[in-house]
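Close look at the chain arrangement
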Amino acid sequence: MKKISLFFCVLAAVALVSGTTPGTVQAKKLSLNYANFPPAPTFPCVQMERWKEQIEKRTDGAVAINTFPGGTLLDAKDMMDGVINGQADIGCICMAYQPGRFTVTNATSLPLDIPDAKTGSLVLLDLYNKYQPKAFDKVKVLTMFVTAPANIMSKAPVAELSDLKGLDLRASGGAAQILKAWGANQVGMPMSDTPEALQKGVVKGLFSSLEVMKDLKFAEICKYITITDTVIYPFAVIMNKSVWDNLPGHVKQVMDSMIEEQAAWTGEYMDQHVSDSIAWSKKEHQVEVIRLSPEKKAEWNAKLAPITENWIKTAEEKGLPGEQIVKDIKTLVVKRTAK
Ligand code: 3IO
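The paragraphs below set out a description of the structure included in this document.

Cut-off values and rules
- Residues numbered from 1 in each chain as written.
- Predicted model: local features only at pLDDT ≥ 70, side-chain atom pairs only at ≥ 80, totals over all residues.
- Heavy atoms only, no water.
- Pairing = 2+ DSSP bridges.
- Helix = DSSP H or I, 4+ residues; strand = E, 2+ residues; numbered from the N terminus.
- Axes fitted to C-alpha atoms, helices over the stretch in contact; angles between N-to-C directions.
- Contact = heavy atoms within 4.5 Å.
- Core = buried A, V, L, I, M, F, W, Y, C linked by side-chain atoms within 4.5 Å.
- Buried < 20%, exposed > 50% of the residue type's maximum accessible area, 1.4 Å probe, protein only.
- Near = heavy atom within 4 Å.
- Polar contact = N/O pair within 3.5 Å; in protein donor to acceptor, adjacent residues only side chain to side chain.
- Areas by Shrake-Rupley, 256 points an atom, 1.4 Å probe, with all protein chains shown as cover.
- Disulfide = S-S within 2.5 Å.
- Parallel < 35°, antiparallel > 145°, perpendicular 65-115°, else oblique.
- Left-handed = near helix turned anticlockwise from the far one by under 90°.
- Nonpolar A, V, L, I, M, F, W, Y, C, P; charged D, E, K, R; others polar.

**Some remarks on the sheet that holds strand β10 (residues 234–240)**
Spatial strand order, β2-β1-β3-β10-β4: five strands in an open sheet with mixed pairing. Looking along the sheet, the strands with just one partner apiece sit at the ends: β2 (63–68) and β4 (139–146). Mean inter-strand twist for the sheet, computed between neighbouring axes without regard to direction, equals 20°. With five bridges joining them, strand β3 (residues 90–94) and β10 adopt antiparallel strand pairing. Considered in β10, the bridge of Gly-91 is made with Ile-238. Along the sheet face, helix α3 (residues 43–58) touches β1 (30–35), β2, β3, β4 and β10 and points at about 165° away from the line of β2. Here helix α6 (residues 117–131) sits on the sheet and contacts β4 and β10; the angle it forms with β4, its principal contact strand, is near 150°.

So this is what it looks like as structure tokens:
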């Protein structure tokens, strides 16, 4: 009799705890805001949705990621400081928009022949890991990636350096330096401002990776592509430092384990999507692709020689090992291409 009543007492206690206070049994769900500057169909936002999905799955729903594409939470120029200040927990930055701020990582946007986005993304991450640049001291880096090499998209055909002379083309950062060296009239602005600038005729084309021909419908306006495959744009995804510090250990582990995987995934997605975009632009919008002969390519490349030299000089003036950084990028490209 005594045994039975004890049994029922325990049973009643369990029922009481689990039945009346469910909130204390289940851990509170963490919710994080992720800001992005360009429109949802573009690759920085595609990779954001993929990361969100994977994080939510791999943390068994302990974390919810709320995504804000199209500059609805933070725009391109405010992204880095907005995340540092906590206006968003996570943000995606294009380092080309603040070239002086991200000197080390922007060395990947020198004309050093990064062949594709996958190789470039892994090289950028390796470089970041080696140098741990001060620019990222106030944030946690969740991943880094680069675009495919930039090419010219224009309203009028560009086949010669003389076609570029004084032509208003939009680019930022390292890519902007290259347009200048070729004699174009380089106009700086983030990608998110470019559709309107093209539409209004403020610029006559742009210099970036070709997936935007499809994702931002530039093929409707730019009927010509000139293949130069010269330089990439580097990106980073960053988290507010104190938000990171306060995450549970198992969530940190999941996020850390995705840093390199996400870089490779995004690079691969970008490379594939550029091919799709070129095919789509030709078929749907009769876009013409102009290729430079090897002689012409050599002539164009010769104009770029001083860019890397000047960057090294500026970096060393800032107390950075410029020469070594450039050497490292070249070595890493060979190493990562071989894989
Ligand atoms: C880019 C930025 C936002 C959305 C799609 C994009 N494709 C290539 C870039 C690189 C870049 O930031 C730029 O300004 O060309």
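**Quick word on the nonpolar core**
Counting residues in hydrophobic clusters, the biggest one holds 111 residues, and the most contacted among them are Phe-136, Leu-164, Trp-182, Phe-207 and Met-255. By residue number, the principal contributor to this core is α6, which donates eight residues. Not counting residues within four places of it along the chain, the set of residues in contact with Phe-136 comprises Met-80, Ile-93, Met-95, Phe-102, Thr-105, Tyr-128, Val-141, Met-144, Ala-236 and Ile-238.

**Points about the site of the ligand**
Around the ligand there are 16 residues in total, and Cys-94, Tyr-97, Arg-170, Ser-208 and Glu-211 lie nearest to it. One nitrogen or oxygen atom from the side chain of Ser-208 is found 2.7 Å from an oxygen atom belonging to the ligand. A distance of 2.6 Å separates a nitrogen atom of the ligand from a polar atom in the side chain of Glu-211. Here the ligand loses 100% of its free accessible area of 350 Å² to cover by the protein chains.

**Re the pairing of β4**
Burial analysis of β4 places eight of its eight residues in the buried class, which makes it a mostly covered element. Sheet analysis places β4 next to β10, joined by seven bridges and oriented antiparallel. In the sheet register, Phe-145 faces β10, and the bridge partner there is Phe-235.

**Side note on the environment of Gly-100**
With respect to the helices and strands, Gly-100 occurs in the loop between β3 and α5 (103–106). Judged by relative accessible area, Gly-100 falls into the exposed class, the value being 53%. Spatially, the C-alpha atoms of Gly-100 and Pro-321 are 16 Å apart, while their sequence positions differ by 221 residues.

**Regarding the state of the cysteines**
The tally for this structure, following the rule as stated, stands at zero disulfides. Left unpaired, Cys-92 is separated from the closest cysteine sulfur, that of Cys-45, by 7.3 Å. Summary of cysteine pairing: Cys-94 is not part of a disulfide, and the nearest cysteine sulfur, belonging to Cys-92, is at 8.1 Å.

**So, the side chain of Ser-208**
Looking at the secondary structure, you find Ser-208 in strand β8 (residues 205–208). The exposure class assigned to Ser-208 is buried, which follows from its relative accessible area of 4%. Sequence-distant contacts of Ser-208, that is, excluding residues within four places in its chain, are made with Pro-149, Ala-150, Asn-151, Met-153, Arg-170, Met-191 and Tyr-233.

**Focus: the packing of α6 against helix α16 (residues 322–338)**
For the pair α6 and α16, the least separation of the axes is 9 Å and the interaxial angle reads 135°. By the angle class used here, α6 and α16 are oblique. When the axes of α6 and α16 are compared, the crossing they make is right-handed. On α16, the residues that touch Thr-119, Leu-122, Val-123, Asp-126, Leu-127, Lys-130 and Tyr-131 of α6 are Gln-324, Ile-325, Asp-328, Ile-329, Leu-332, Val-333, Lys-335, Arg-336 and Thr-337. Looking at the contact of α6 with α16 residue by residue, the classes come out as eight nonpolar, three polar and five charged.

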